[in-house]
Amino acid sequence: MTPELDDVLAVTEDVWTALLGETAPLVPRGVPAGTPFDATGAWSAATTVSGGWPGVVTVELDETVARQLTARMLDLPADATGDGDIADAVGELVNMVGGNIKSLMPGPSVLSLPSVAAGRAAFASDVVEACRLDLLWQGAPLRVSVHVPA
Amino acid sequence: MRAMIIDDSRAMRSILRRIVSNLDFETTEAEHGQAALDLLQAGDVPDLCLVDWNMPVMDGYTFITQVRANPAWRDITLMMVTTESEQRQIVRALAAGAHEYVIKPFTPDAIVDKLALLGLLPEGHEVPA
């Protein structure tokens, strides 16, 4: 069983609006399957769901998006955010997106603590992509993907 | 009134701090349940704890059970603020002694609403329409 793309979009929009307000909409973006996330500088974060529904929820963000998200969450100027701040904020972002996707799936399940990296996400060889959402925010890309055991 | 914000995310603590500070709460912060328990044991006992569920070292559920096991802390109001939204887990947290439950993402008004329900909205602040 995999989450519906519309549900993943709704969850992402809810989280985004809660964290960033109505600053600018998330705009769907057509990206061919198999295309790696194409931001020049990227941050990625993942959380694993285990139990009734096993899966991995991953968020990848362009660096400028990650920095603005962090600045808003910490109430700092964007140029005052450091890597530690960004890692913290991006981790909380995937925690919220992953937790809400988990709630849509059969349970009971447990959500892992997030893992965050500066750079594109790496995926284990024993999972396959079940769902992927490519978006633009203020012209910069972000991606939410869900992987499930192969 | 005083609030303790317990969440492993500094960004989330910052968001919650701004919300409750605007309501004139004084705040302290802890990055996991054990750090919060340490503060309580040191005598830093707030009126309200805002507690995440999923944290390293000690999770929010364990923290709540520890607080409720100590009669000296029975006046603390415990509000879970978490992405954990399975009904089974919500019931579990409330049964363990949480007074209220807020699911992330939330709006500031959602926190204010819950505080009003708990009778913790300071004088001069209004429930959102």
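Residues numbered from 1 in each chain as written. Chains lettered and ligands numbered in written order. Predicted model: local features only at pLDDT ≥ 70, side-chain atom pairs only at ≥ 80, totals over all residues.

Enquirer: In this structure, what is going on with the overall build of chain A? I would like to understand it.
Expert: Within chain A, the secondary structure is distributed over three helices and seven strands. Its helices and strands taken in sequence order, chain A reads α-β-β-β-α-α-β-β-β-β from the N to the C terminus. In summary, chain A has a C-alpha radius of gyration of 14 Å against a globular reference of 15 Å for 150 residues, a match within 12%. Dimensions of chain A, computed from the C-alpha atoms along their principal axes, are close to 40 × 30 × 25 Å. Across the 150 residues of chain A, 45% fall into the buried class. Look at the contacts in chain A between residues 6 or more apart in sequence, and 67% of them connect residues 24 or more apart. (Helix = DSSP H or I, 4+ residues; strand = E, 2+ residues; numbered from the N terminus. Rg over C-alpha atoms; globule rule 2.2 N^0.38 Å. Buried ≥ 20, exposed ≤ 12 C-beta atoms within 10 Å, placed from the backbone. Contact = placed C-beta atoms within 7 Å.)

Enquirer: For this particular structure, what's the right way to read the overall build of chain B?
Expert: From N to C terminus, chain B includes five helices and five strands. Counted from the first residue to the last, chain B has its helices and strands arranged as β-α-β-α-β-α-β-α-β-α. In terms of overall dimensions, chain B is globule-like: its C-alpha atoms have a radius of gyration of 13 Å, near the 14 Å expected for 129 residues. Seen through its C-alpha atoms, chain B measures out along the principal axes to roughly 35 × 35 × 25 Å. When contacts within chain B are restricted to residue pairs at least 6 apart in sequence, long-range pairs at least 24 apart make up 58% of them.

Enquirer: How do you make sense of the sheet that holds strand S1 (residues 2-6) of chain B when you look at a structure like this?
Expert: Pairing between the strands of a sheet comes from backbone hydrogen bonds, and it takes one of two forms, parallel or antiparallel. Residue and element names in this part refer to chain B. With respect to topology, five strands assemble into an open sheet ordered S2-S1-S3-S4-S5, the strand pairing being parallel. Two strands bound the open sheet, and with one partner strand each, they are strand S2 (26-30) and strand S5 (100-103). Across the sheet, the mean angle separating the axes of adjacent strands is 20 degrees when strand polarity is ignored. When strand S4 (residues 77-82) meets S5, the two strands line up parallel, connected through four bridges. Of the residues in S5, the one forming a bridge with valine 81 is valine 102. (Pairing = 2+ DSSP bridges. Axes fitted to C-alpha atoms, helices over the stretch in contact; angles between N-to-C directions.)

Enquirer: Whenever I open this one, the packing of helix H2 (residues 63-74) of chain A against helix H3 (residues 83-102) of chain A confuses me. Can you help?
Expert: Each pair of packed helices can be summarised by the angle the axes make with each other and by the distance between the axes. Residue and element names in this part refer to chain A. Running from amino to carboxyl end, H2 crosses H3 at an angle of 90 degrees, the nearest separation of the two axes being 9 Å. Taken together, H2 and H3 sit at an angle that is classed as roughly perpendicular. On H3, the residues touching Ala66, Arg67, Leu69, Thr70, Met73 and Leu74 of H2 are Asp85, Ile86, Ala89, Val90 and Leu93. Among the residues forming the contact of H2 with H3, the class breakdown is eight nonpolar, one polar and two charged. (Parallel < 35°, antiparallel > 145°, perpendicular 65-115°, else oblique. Nonpolar A, V, L, I, M, F, W, Y, C, P; charged D, E, K, R; others polar.)

Enquirer: Honestly, the interface of chain B and chain A in this entry has me stumped. Any pointers?
Expert: Interface size is commonly expressed as the accessible surface area that is lost when the partners come together. Across the boundary between the two partners, chain B contributes 18 residues, which contact 21 residues of chain A. At six residues, helix H1 (residues 10-21) of chain B tops the list of elements feeding residues into the side of chain B that touches chain A. Residues of the side of chain B that touches chain A, tallied by class, amount to six nonpolar, six polar and six charged.

Enquirer: Honestly, the pairing of strand S3 (residues 48-51) of chain B in this entry has me stumped. Any pointers?
Expert: Looking along a regular strand, one sees side chains alternate from face to face of the sheet. Residue and element names in this part refer to chain B. Every second residue of S3 is oriented toward a common face, with Leu48 and Leu50 on one face and Cys49 and Val51 on the other, all of them buried. In this structure, S1 lies alongside S3, joined through four bridges in parallel fashion. Of the residues in S3, the one forming a bridge with isoleucine 6 is valine 51. As judged from the four bridges shared by S3 and S4, these two strands associate in the parallel manner. Bridged to cysteine 49 within S4 is leucine 78.

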